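Residue-level structure breakdown
Letter by letter, the chains look like this.
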Amino acid sequence: MTATHSDTAWVLYNDAQLEQFYLADFERCLRKVLDHAGTVEDALRWMTQEERDNGWMKHSQDAEQWVWKQGFLFTDRGREVVEMLKRIWEMEH
């Protein structure tokens, strides 16, 4: 079976919807952590603590992988979060 233009458009539409779903879920989680953390950078630090403690975030590139796992890497907000995580990582090393 060959994919048609409408099939491709449907997949892209679904991917965009899925990214927005994951982004909204991330933002809800971030707001909950922010209630206690105070700043976005502190909240992200707390949210990635386990990965950093276990050595899973050894390089700034690992920030991209973490955001990708959250499901919204290829969005403007995803790129913004990656940059914040890279700054956090660089400050700690």
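What you see is a predicted model; the values in this text were computed from it and never measured. (Residues numbered from 1 in each chain as written. Predicted model: local features only at pLDDT ≥ 70, side-chain atom pairs only at ≥ 80, totals over all residues. Heavy atoms only, no water.)

**Quick look at the packing of helix α4 (residues 61-70) against helix α5 (residues 76-92)**
Closest axis-to-axis distance for the α4/α5 pair is 9 Å, and the angle between their directions is 140 degrees. Considering the angle they form, α4 stands oblique to α5. The chirality of how α4 crosses α5 is right-handed. Together, Ala63, Glu64, Trp66 and Val67 of α4 and Gly78, Val81, Val82, Leu85 and Lys86 of α5 make up the contact between the two elements. Along the lines of polarity and charge, the residues of the contact of α4 with α5 split into six nonpolar, one polar and two charged. (Axes fitted to C-alpha atoms, helices over the stretch in contact; angles between N-to-C directions. Helix = DSSP H or I, 4+ residues; strand = E, 2+ residues; numbered from the N terminus. Parallel < 35°, antiparallel > 145°, perpendicular 65-115°, else oblique. Left-handed = near helix turned anticlockwise from the far one by under 90°. Contact = heavy atoms within 4.5 Å. Nonpolar A, V, L, I, M, F, W, Y, C, P; charged D, E, K, R; others polar.)

**Regarding the packing of aromatic side chains**
Applying the stated criterion across every chain, the model contains three aromatic pairs. A ring pair is formed by phenylalanine 21 and tyrosine 22, whose centres lie 5.5 Å apart and whose planes are at 65 degrees; its orientation type is edge-to-face. Residue tyrosine 22 is classed as partly exposed on the basis of its relative accessible area of 34%. Aromatic ring contacts, followed pair by pair, group Phe26, Trp66 and Phe72 into a single cluster. (Phe/Tyr/Trp six-rings, centres within 6.5 Å; stacked < 30°, edge-to-face > 60°. Buried < 20%, exposed > 50% of the residue type's maximum accessible area, 1.4 Å probe, protein only.)

**Examining the environment of isoleucine 88**
Its location among the elements puts isoleucine 88 in helix α5. The exposure class assigned to isoleucine 88 is buried, which follows from its relative accessible area of 1%. Once the C-alpha coordinates of isoleucine 88 and glutamate 41 are considered, the two residues, 47 residues apart in sequence, prove to be 7.2 Å apart. Those residues within four positions of isoleucine 88 in sequence are excluded, and the remaining contacts are Glu41, Leu44 and Arg45.

**Some remarks on the side chain of aspartate 62**
Inspection of the secondary structure puts aspartate 62 in helix α4. Classification of aspartate 62 by relative accessible area gives buried; the value is 15%. Those residues in contact with aspartate 62, other than ones at most four positions away along the chain, are Trp56 and Met57.

**Examining the confidence of the model for the chain**
For the chain, per-residue confidence averages 85 on the pLDDT scale, and 86% of positions sit at 70 or higher. Across the chain, the secondary-structure element scoring lowest on mean pLDDT is helix α1 (residues 5-37), at 81, and the one scoring highest is helix α2 (residues 40-47), at 94. Below a pLDDT of 50 lies the segment residues 1-5, which in the model reaches two contacts outside its immediate sequence neighbourhood of four places, other chains included. (pLDDT = per-residue confidence, 0-100.)

**Considerations on the pattern of salt bridges**
Applying the stated criterion across every chain yields a total of eight salt bridges. Among the salt bridges present, the one from aspartate 42 reaches arginine 45, with a minimum N-O distance of 2.6 Å. Placement of the pair is aspartate 42 and arginine 45 together in helix α2, with a separation of three residues, close to one helical turn. Overall, the relative accessible area of 27% leaves aspartate 42 in the partly exposed class. Overall, the relative accessible area of 18% leaves arginine 45 in the buried class. In this structure, the salt-bridge partner of arginine 77 is glutamate 80, at a minimum N-O distance of 2.8 Å. Pair noted here: arginine 77 and glutamate 80 are both in helix α5, with a separation of three residues, about one helical turn. (Salt bridge = Lys/Arg side-chain N within 4 Å of Asp/Glu carboxyl O.)

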